[in-house]
Amino acid sequence: MKAKRSRWQYALMLSVLLLALATVLLPYILRTESELRIHAVHQGLSLPDGFFVYQRLDERGIRIKSITPEGDGLVIRLDTPEQQLQAREALKNILPPGYVIALNDPQFPGYWVRKFTRAPLDLG
């Protein structure tokens, strides 16, 4: 009887551990955050000020999670893909010519989505 009880306890502990692990990792796997990247096309053209970009997008009701310089550009993180598209259109009007505004989806969730949604092989 004691052996059954200890097996049951181990199974319960393992289940709780897996549930805790899933709870911690789920936000990273299902992240819906979207990004925009701004780069200057011409050498010598400086990047726009992050605070300026933040203010202009905020005026249009677009909420920004963060704006950070990365490499030779700015990365703007937004909550949803809809906000990403709105921000891209707004930045096209706000910024002078000479900047590339690229949509960039996070790589981590995309990898898992591609793994699970591969098209089946056509045999015939």
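Residues numbered from 1 in each chain as written. Predicted model: local features only at pLDDT ≥ 70, side-chain atom pairs only at ≥ 80, totals over all residues. Heavy atoms only, no water.

On to the overall build of the protein chain, then. Check the secondary structure of the protein chain and you find four helices and four strands. For the protein chain, the α and β elements follow one another from N to C terminus as α-β-α-β-β-α-β-α. Burial status across the protein chain gives 24% buried among its 124 residues. Carbon and sulfur atoms make up 61% of the accessible area of the protein chain, which totals about 9,600 Å². (Helix = DSSP H or I, 4+ residues; strand = E, 2+ residues; numbered from the N terminus. Buried < 20%, exposed > 50% of the residue type's maximum accessible area, 1.4 Å probe, protein only. Areas by Shrake-Rupley, 256 points an atom, 1.4 Å probe, with all protein chains shown as cover.)

Here we come to the side chain of glutamate 35. Tracing the chain through its elements places glutamate 35 in strand β1 (residues 34-40). A polar side-chain atom of glutamate 35 sits 3.1 Å from a polar atom in the side chain of arginine 77. Excluding its chain neighbours within four sequence positions, the residues that come into contact with glutamate 35 are Val75, Ile76, Arg77, Gln84, Ala102, Leu103 and Asn104. (Polar contact = N/O pair within 3.5 Å; in protein donor to acceptor, adjacent residues only side chain to side chain. Contact = heavy atoms within 4.5 Å.)

Taken together, the side chains of Leu14, Leu17, Leu18, Leu21, Val24 and Leu25 define a hydrophobic patch exposed on the protein surface, amounting to about 570 Å² of accessible area. Positionally, leucine 25 belongs in helix α1 (residues 2-29). (Patch = residues over 30% accessible without salt bridge, like charges linked within 9 Å, V, L, I, M, F, W, Y side chains within 5 Å. Salt bridge = Lys/Arg side-chain N within 4 Å of Asp/Glu carboxyl O.)

What follows is about the packing of helix α2 (residues 50-59) against helix α3 (residues 81-94). Packing of α2 against α3 leaves a shortest axis separation of 10 Å and a crossing angle of 115 degrees. α2 and α3 meet at a crossing whose hand is right-handed. Note on element contacts: α3 touches α2 through Ala87, Ala90, Leu91 and Ile94, opposite Phe52, Val53, Arg56 and Leu57. (Axes fitted to C-alpha atoms, helices over the stretch in contact; angles between N-to-C directions. Left-handed = near helix turned anticlockwise from the far one by under 90°.)

Attention now goes to the nonpolar core. Core analysis: the biggest nonpolar cluster contains 16 residues, and Leu36, Ile38, Leu57, Ile76, Leu78 and Leu91 have the highest contact counts within it. Among the secondary structure elements, those contributing two or more residues to this core are β1, α2, β3 (73-78), α3 and β4 (99-104). Counting residues per element, this core draws most heavily on α3, which supplies four residues. Setting aside anything within four residues of it in sequence, one finds isoleucine 76 in contact with Ser34, Glu35, Leu36, Ile38, Val53, Leu57, Ile64, Ser66, Ile67 and Leu91. (Core = buried A, V, L, I, M, F, W, Y, C linked by side-chain atoms within 4.5 Å.)

Here we have four strands laid out as an open sheet, ordered β2-β3-β1-β4, and antiparallel in their pairing. Of all strands in the sheet, those with a lone pairing partner are β2 (64-70) and β4, marking the two edges. Averaged over all pairs of adjacent strands, the angle between strand axes in this sheet comes to 20 degrees, irrespective of strand direction. For β2 and β3, the ladder comprises six bridges, and the chain directions are antiparallel. Pairing of isoleucine 64 across the sheet is with leucine 78, part of β3. Where α2 meets the sheet, it contacts β2 and β3, and its direction lies at approximately 155 degrees from that of β2. Across the face of the sheet, α3 comes into contact with β1, β3 and β4 while running at roughly 20 degrees to β1. (Pairing = 2+ DSSP bridges.)

Between its terminal C-alpha atoms α3 stretches 20 Å, which fits the 20 Å expected from 14 residues at 1.5 Å a residue. On its buried face, α3 sits against β1, α2, β3 and β4. (Expected span 1.5 Å × (residues − 1).)

Keep in mind that these numbers describe shape and distance, not what the molecule does.
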